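# Tertiary structure, described
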Amino acid sequence: MSYVPGQPVTAVVQRIEIHKLRQGDNLILGFSIGGGIDQDPAQNPFSEDKTDKGIYVTRVTEGGPAEVAGLQIGDKIMQVNGWDMTMVTHDQARKRLTKRNEEVVRLLVTRQSLQKAVQQSMMS
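This one's a predicted model, so the numbers in the text were calculated from it and none came from an experiment.

## Considering the confidence of the model for the protein
With 81% of its residues at a pLDDT of 70 or more, the protein shows a mean pLDDT of 85. Within the protein, helix α1 (residues 65–69) carries the highest mean pLDDT (97), whereas helix α3 (residues 112–123) carries the lowest (60).

Okay, here's the thing in structure tokens:
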């Protein structure tokens, strides 16, 4: 399989399963997000061309459920429990991640290092 310039490239994704941590009545994920279609993409430090309105991980709590699961700062969240996250507002993304009746959150994320590794392997 080789990369052909000008042809679509499928995003390289990684599955991450986060088991929420119960603290009293709260379920903790251990990460924060930024972005959304209602936010200014120029303010997103993870958008390379400053036009990407995706949902990105902006903070991961050390030792928290997200870090244990392998989530990293800069990861772009593509799906949450099967729901498309590529065209959502910041608030819609937050609500989808923090649903009270879900103790496990299954994410599909993409990250720059995954994309670059695949592109390098396709060029060699």
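Once the structure has been displayed, the description carries forward.
## Overview of the pairing of strand β5 (residues 55–60)
Side-chain positions along a regular strand alternate between the two faces of the sheet. Sheet topology places strand β4 (residues 31–35) next to β5; 5 bridges connect them, and they run antiparallel. In the strand pairing of β5, G34 is matched with Y56. The sheet contact formed by β5 and strand β6 (residues 76–80) spans 2 bridges and is antiparallel. For Y56, the partnering residue across the bridge sits in β6 and is K76.

## Describing the nonpolar core
In this structure, I18, F31, L71, I77, L97 and L107 are the most contacted members of the largest nonpolar core, which totals 19 residues. Of all elements in the fold, only β1 (14–19), β4, β5, β6, α2 (90–97) and β8 (104–110) reach the threshold of two or more residues within this core. For L71, the residues in contact, after removing those within four places along its chain, are I16, I18, F31, V57, V60, A66, L107, V109 and R111.

Procedures and definitions
Residues numbered from 1 in each chain as written. Predicted model: local features only at pLDDT ≥ 70, side-chain atom pairs only at ≥ 80, totals over all residues. Heavy atoms only, no water. pLDDT = per-residue confidence, 0-100. Helix = DSSP H or I, 4+ residues; strand = E, 2+ residues; numbered from the N terminus. Pairing = 2+ DSSP bridges. Core = buried A, V, L, I, M, F, W, Y, C linked by side-chain atoms within 4.5 Å. Buried < 20%, exposed > 50% of the residue type's maximum accessible area, 1.4 Å probe, protein only. Contact = heavy atoms within 4.5 Å.

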